Amino acid sequence: MLAALELLDGGQLLHSQTTNFHFTQEILHLIPSKCYADALVIYCTYLTERRALNMKTLVLGASGQIGAYTVQDLVEFSKAEVVAASRKLENVKKAMTDLNLGDRVKVMELDANNRDAVAKTVKSEGVDTVVNCAWYQTNIAVMNACLRAGAHYTDLGGFFDTSLKQLEFDKEWKKAGLNATIGLGSTPGLTNIAGAAGAAKLDKVDTINIYCSWGNTLPVKEPGWPGYSVRTVLDEFTQEPVMWLDGKHVKQPVLSGETTVTMQEPIGKVTAYYVKHSEPATLGRYVGKGCRNVTFRIGFPSTDFATFSTLKSLGFAETEGIQFGDQRISPLDYLTAMYQRAIAKSRHDTPPSEEYEYDAFRIDVFGVRNESPATVTYHIITWNDPQRGIPSARDTSVPPAVISHWQATGKIKDPGVFPPEATVDPEPFFIEMGKRKIRAEEHFTETKKFY
Ligand SMILES: NC(=O)c1ccc[n+]([C@@H]2O[C@H](COP(=O)([O-])OP(=O)(O)OC[C@H]3O[C@@H](n4cnc5c(N)ncnc54)[C@H](OP(=O)(O)O)[C@@H]3O)[C@@H](O)[C@H]2O)c1
């Protein structure tokens, strides 16, 4: 009976949105025994919500194209208390002000590579979870700080090699009882979760092919940029991609594997190329079921493809400094600074009043079900949201916010280091995405043989 008393009181408190938990003996008499089951559900929801209301998250790289909107999602959807940080206080302040978050988050100057400072902040701020939206080269340092300070961790991906290194820390994280779910943007992220969801519907898996594209529906195409760091774009144009082929990681030439793929309407056919990415690093091993091949291709809009090819041939991917008067600066750092300026400016522009720019993914999972060939295909599309004034790149900023919330509320609690396909339950995850107009569709094709 005492438990039942807690149940009803929990429900009432949830309803009144208060976080103070009291219960009184009088309530006990109000619960008819046949309502205990309902009361139990209400109580569990209450406890989850209560933990969420107390959730505190540190977002690193919060001035970036992705990180700023991750903060926004955490504040608006998860009601989290957020500490938003980047290396330059004025950058993060400006980003938060532009998104009307200035008085709703604490801003801070913090270098993600400074392990001691990150660990100290996690402890002094009482942070439960950390989302690392700074460049992927900082992932290992931030993980180390979280492990020392006792916070769960997520990030936007490790560009193949760093992801594999991060997974090597699994034992330490298991021992500490903390969860690190890595590589959680749109790609990697949504794509891994869709790949695993498709694999779960099949008895055996042969191949997972992933395609990514973006663009706009303007009659005359604007020159644009992808929804991810220009540094990563140039990595993609210069580093050899690695695919999972016949159960092994196999290097391919840069931008090879040209193929034509049909994306969801209104996009239609795009030409796509192999690009180095984290999905082929992990998916084959983690989905199991005999998965022999995982490939990843990007269908760049032709304007962007030309722009980035030109930047590469001009040497903008180079990290070696060039002397300008008495200053030495690398072409890549110079380009990054120009890009950060453009991103900051675009957040200040009047948002478009119509849907016109998109991010789209197609994930084909080929295998066998009931001894017949079967294919599960996911199409995921996100348009800019004119009502909220948020670009389509929220398909990258929202997933780590949701996973951070799930870590804080115990919905994801396995200790260790995992890629998204190993810890994230696809259906509730895609339902959360749907609430932000990130739309995932599943199509299933089974072959029936009459011979
Ligand atoms: N999984 C996916 O779908 C996906 C999609 C997009 C991007 N990404 C990856 O996510 C990362 C961020 O991408 P983005 O497009 O948001 O890049 P971005 O716009 O360049 O933003 C990164 C931000 O991190 C901050 N930063 C850089 N180094 C830092 C450090 N040491 N400590 C703290 N903050 C630091 C920078 O701001 P300050 O100069 O103010 O420090 C910058 O504003 C990239 O590695 C990218 O490849 C993944």
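Scoring rules and cut-offs
- Residues numbered from 1 in each chain as written.
- Predicted model: local features only at pLDDT ≥ 70, side-chain atom pairs only at ≥ 80, totals over all residues.
- Pairing = 2+ DSSP bridges.
- Helix = DSSP H or I, 4+ residues; strand = E, 2+ residues; numbered from the N terminus.
- Axes fitted to C-alpha atoms, helices over the stretch in contact; angles between N-to-C directions.
- Contact = placed C-beta atoms within 7 Å.
- Near = placed C-beta within 6 Å.
- Nonpolar A, V, L, I, M, F, W, Y, C, P; charged D, E, K, R; others polar.
- Domains from an automatic or database assignment.
- pLDDT = per-residue confidence, 0-100.
- Parallel < 35°, antiparallel > 145°, perpendicular 65-115°, else oblique.
- Left-handed = near helix turned anticlockwise from the far one by under 90°.
- Buried ≥ 20, exposed ≤ 12 C-beta atoms within 10 Å, placed from the backbone.
- Arc of directions from axis to C-beta.
- Core = buried A, V, L, I, M, F, W, Y, C linked by C-beta atoms within 7 Å.

Q: Would you mind going over the sheet that holds strand β5 (residues 152-155) in detail, with residue names and values included?
A: Across the sheet, which stays open at both edges, the seven strands sit in the order β3-β2-β1-β4-β5-β6-β17 with parallel pairing between neighbours. Here the strands that pair on one side only, and so sit at the sheet edges, are β3 (106-109) and β17 (416-418). The sheet shows a mean angle of 15 degrees between the axes of neighbouring strands, taken without regard to direction. By the bridge criterion, four bridges tie strand β1 (residues 56-60) to strand β4 (residues 129-132) in an arrangement that is parallel. By the bridge assignment, Val-59 is partnered in β4 with Val-131. Here helix α6 (residues 115-125) sits on the sheet in contact with β1, β2 (81-86) and β4, set at roughly 155 degrees to β1.

Q: Go over the site of the ligand with me, naming the residues and quoting the values.
A: In the vicinity of the ligand there are 33 residues, among which Gly-61, Gly-64, Arg-87, Gly-185 and Tyr-228 approach most closely. A breakdown of the residues in the shell around the ligand according to their chemical character gives eleven nonpolar, 19 polar and three charged. Residues lining the shell around the ligand come from more than one domain, with at least three contributed by each of domain 2 (56-185 + 396-428) and domain 3 (190-393 + 434-446).

Q: Hey, could you go over the confidence of the model for the chain for me, with residue numbers and the actual values?
A: Across the chain, pLDDT averages 89, with 87% of residues at or above 70. Overall, residues 8-26 carries pLDDT values under 50, and its contacts beyond four positions in sequence, including any with other chains, amount to 26 contacts.

Q: A description of the environment of Gly-284 should follow, citing residues and the corresponding values.
A: Position of Gly-284 relative to the elements: it lies in helix α12 (residues 279-287). For Gly-284 and Thr-207, which are 77 residues apart along the polypeptide, the C-alpha to C-alpha distance reads 8.6 Å.

Q: So, the packing of helix α5 (residues 89-98) against helix α14 (residues 331-348): which residues are in play, and what are the values?
A: Between α5 and α14, the least distance of the axes is 9 Å, while the angle of their chain directions is 25 degrees. In terms of orientation, α5 and α14 fall into the roughly parallel class. Once α5 is placed against α14, the crossing between them reads as left-handed. In this structure, α5 contributes Lys-94, Ala-95 and Asp-98 to the contact, and α14 contributes Ala-344, Arg-347 and His-348. Classifying every residue of the contact of α5 with α14 by side-chain character gives two nonpolar, one polar and three charged.

Q: Run through the environment of Val-254, naming residues and quoting values.
A: As for its placement among the helices and strands, Val-254 is situated in the loop between β9 (248-251) and β10 (259-263). With 17 residues separating them in the primary sequence, Val-254 and Phe-237 have C-alpha atoms 6.6 Å apart. Each residue touching Val-254, except ones within four places of it in the same chain, is listed here: Phe-237, Thr-238 and Glu-240.

Q: I'd like a rundown of helix α17 (residues 426-435), residues and numbers included.
A: Taken together, the buried positions of α17 are occupied by Pro-426, Phe-429, Phe-430 and Met-433. When α17 is viewed along its axis, its buried side chains cluster within an angular range of 95 degrees and face the same direction. Opposite the buried face of α17, by more than 90 degrees, sit the exposed residues Glu-427, Pro-428, Ile-431, Gly-434 and Lys-435. Where α17 ends, the next residue or the one after it, Lys-437, has phi of about 60 degrees, a positive value.

Q: For α12, give the residues involved together with the corresponding values.
A: Each α-helix winds once per 3.6 residues, and so residues spaced three or four apart point in a common direction. Of all nine residues in α12, seven are buried, a share of seventy percent or more. Taken together, the buried positions of α12 are occupied by Glu-279, Pro-280, Ala-281, Thr-282, Leu-283, Gly-284 and Val-287. Tucked inside the fold, the buried residues of α12 contact α8 (161-167), α10 (190-200), β7 (204-216), β8 (242-245), β12 (293-299) and α16 (420-423). Once α12 ends, the next one or two residues include Gly-288, with phi positive near 65 degrees.

Q: Account for the nonpolar core, with residues named and values stated.
A: Core analysis: the largest hydrophobic core is formed by 110 residues, its most contacted members being Val-59, Leu-60, Ala-62, Val-71, Ala-84, Val-130 and Cys-146. Of the residues that make up this core, three or more belong to each of domain 2 (56-185 + 396-428) and domain 3 (190-393 + 434-446). Among residues more than four places away in sequence, those in contact with Ala-62 are Gly-67, Ala-68, Val-71, Ala-84, Ala-85, Ser-86, Val-92, Ala-95 and Cys-133. Membership of the second largest hydrophobic core comes to seven residues, among which are Val-230, Leu-234, Phe-308 and Ala-317.

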